[in-house]
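Analysis of the macromolecular model
This is what each chain is made of:
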Amino acid sequence: MNLIDLRSDTVTHPTPAMRSAMANAEVGDDVYGDDPTTLKLEAYAAKLVNKEAALFVPSGTMGNQLALMTHTRRGDEIITGAHYHIVIHEVGAIPVLSGASVRTIDHPKDWITPIDLEKALRSSDIHEPPSTVLSLENALSNGTVMPLELMREDYAWAKAHGLSVHLDGARLFNAATALNVDPKELSACCDSVMFCLSKGLCAPVGSILAGSEAFIRKARKNRKLLGGGMRQTGILAAAGQIALDTMRLRLHEDHDQAKRLAKRLQDTGRFTVNLDDVQINMVFFTGIDASFDHDGFVSHLAKNGILINPGPVYRFVTHYWIDDAAIEKLMEAINTFK
Ligand SMILES: Cc1ncc(COP(=O)(O)O)c(C=O)c1O
């Protein structure tokens, strides 16, 4: 059975064009710095976000943590959002790898504003750690997008207070698509940016960390320290190149699909969906009343070949492999759920 997998956009598998490019990729040894396909991808990726250099890394998590390691020294403090991926989904890596502490901002929309930053900033008091990095996230894991103007204000604030800014842009191109801006506009609001080639862009493996030449030189060494110096990475970079060349240009299709799906879920009268918060490829919703059978819902869909994460707050993620036929099958299965 062809499964319909709505759990995440991380479940996407490579397109036929990617598989073919991977099979034919020209490769070298990337630790020696001579894998031509990886070098090409890194140069292209840096240009796309208007940074001096870029580094291919195995995962978004490694890209984020490398960035934070590279920006900080032991004992520094990083200001970031309470619900951001680097805080809750990266295994508590920041104190382990960077030796830094984390000061979180719990904004109702998961945004960070200069007012929040002013409150979070440490003073020069002898008892306090130095605040040295601001780490932003956009698009946000809650499926919304932080406005560009706010990112600009945060960046200006950080620069005025001597902080480096990292952007977890796992879904940078989704954010740029939703805001209808060039990704360079978002990356102009940070000193380093990580974005994923996997997820909605369908590459099987890989993310990019971009920043200044000096920053990426240091990050490359830290990547080696973490065991992330890989060899014939051209096989993976070939798929990443297609992710950036073509797949990033179609993300609006996933966003439109998510909006249509959200409306149809709401129209069943059985779910609460906040349509305004459907800004990228994610639809969050809950059962309309307390009697909703959450376990039964998940297993009913599974029996129909549809994979979702458990509730009570559901997240359906649209992506390249979720076409109109998949949505029809999903709605049919929902309609037969008693
Ligand atoms: C916002 C965000 N940042 C970082 C990551 C980490 O990416 P990876 O799974 O490649 O480590 C994810 C993964 O879903 C994410 O959603």
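Note that this is a predicted model, so its numbers are computed, not measured. (Residues numbered from 1 in each chain as written. Predicted model: local features only at pLDDT ≥ 70, side-chain atom pairs only at ≥ 80, totals over all residues. Heavy atoms only, no water.)

Attention now goes to the site of the ligand. Around the ligand sit Ser-59, Gly-60, Thr-61, Asn-64, His-85, Glu-90, Glu-137, Ser-141, Asp-168, Ala-170, Arg-171 and Lys-199, and that is every residue in its neighbourhood. Contact distances for the ligand include 3.0 Å between an oxygen atom and a side-chain N or O atom of Lys-199. The protein chains hide 82% of the 390 Å² of surface that the ligand would expose on its own. Put simply, the ligand lies in the largest pocket. Looking at the shell around the ligand residue by residue, the class counts come to one nonpolar, six polar and five charged. (Near = heavy atom within 4 Å. Polar contact = N/O pair within 3.5 Å; in protein donor to acceptor, adjacent residues only side chain to side chain. Areas by Shrake-Rupley, 256 points an atom, 1.4 Å probe, with all protein chains shown as cover. 1 Å grid on protein atoms, 1.4 Å probe; cavity = no way out; pocket = protein on both sides within 12 Å on 5 of 7 lines; lining within 4 Å. Sits in = over half its atoms within 2 Å of the grid points. Nonpolar A, V, L, I, M, F, W, Y, C, P; charged D, E, K, R; others polar.)

Quick look at the nonpolar core now. Among the nonpolar cores identified, the biggest contains 63 residues, and Leu-134, Phe-195, Leu-197, Ile-208 and Leu-244 are the most heavily contacted of them. Residues from two domains meet in this core; each of domain 1 (4-10 + 250-335) and domain 2 (16-248) gives at least three. When neighbours within four sequence positions are excluded, Ile-208 is seen to be in contact with Leu-41, Ala-45, Ala-54, Leu-55, Phe-56, Val-57, Val-193, Met-194, Phe-195 and Leu-197. By size, the runner-up hydrophobic cluster in this structure holds 26 residues, among which are Ala-258, Val-273, Leu-330 and Ile-334. (Core = buried A, V, L, I, M, F, W, Y, C linked by side-chain atoms within 4.5 Å. Buried < 20%, exposed > 50% of the residue type's maximum accessible area, 1.4 Å probe, protein only. Domains from an automatic or database assignment. Contact = heavy atoms within 4.5 Å.)

Bringing helix α13 (residues 294-303) into the picture now. Among all positions of α13, only Gly-296, Phe-297, His-300 and Leu-301 are buried. One side of α13 holds all its buried residues, which, seen down the axis, span an arc of 125°. Of the exposed residues in α13, the ones pointing more than 90 degrees away from its buried face are Asp-295 and Lys-303. Against β9 (271-273), β10 (282-287), β11 (306-307), β12 (313-317) and α14 (324-335) lie the buried residues of α13. Structurally, the start of α13 carries an N-cap: the backbone nitrogen of Gly-296 is 2.8 Å from a side-chain oxygen of Asp-293. Two residues or fewer past α13, Gly-305 is found with a positive phi of approximately 75°. (Helix = DSSP H or I, 4+ residues; strand = E, 2+ residues; numbered from the N terminus. Arc of directions from axis to C-beta.)

Here we come to the sheet that holds β10. What links the strands of a sheet is backbone hydrogen bonding, and the strands pair in either a parallel or an antiparallel sense. The strand order across the open sheet built from three strands is β9-β10-β12, with neighbouring strands paired in antiparallel fashion. Every other strand in the sheet has two partners, leaving β9 and β12 as the edge strands with one partner each. For this sheet, the mean inter-axis angle between neighbouring strands, taken without regard to orientation, is 35°. Direction of pairing for β9 relative to β10: antiparallel, over a ladder of three bridges. By the bridge assignment, Thr-272 is partnered in β10 with Thr-286. Docked against the sheet, α13 engages β9, β10 and β12, running at close to 20° with respect to β12. (Pairing = 2+ DSSP bridges. Axes fitted to C-alpha atoms, helices over the stretch in contact; angles between N-to-C directions.)

What the largest pocket holds in volume is close to 540 Å³. Contributing to the lining of the largest pocket are 31 residues, with His-85, His-89, Ser-141, Arg-171 and Arg-315 lying nearest its centre. Mapped onto the lining of the largest pocket, the elements with two or more residues apiece are α3 (60-71), β7 (192-196), β10 and β12. Classifying every residue of the lining of the largest pocket by side-chain character gives 11 nonpolar, 13 polar and seven charged. Two domains each put at least three residues into the lining of the largest pocket: domain 1 (4-10 + 250-335) and domain 2 (16-248). (Points joined across faces, edges and corners; volume = space filled by probe spheres on them.)

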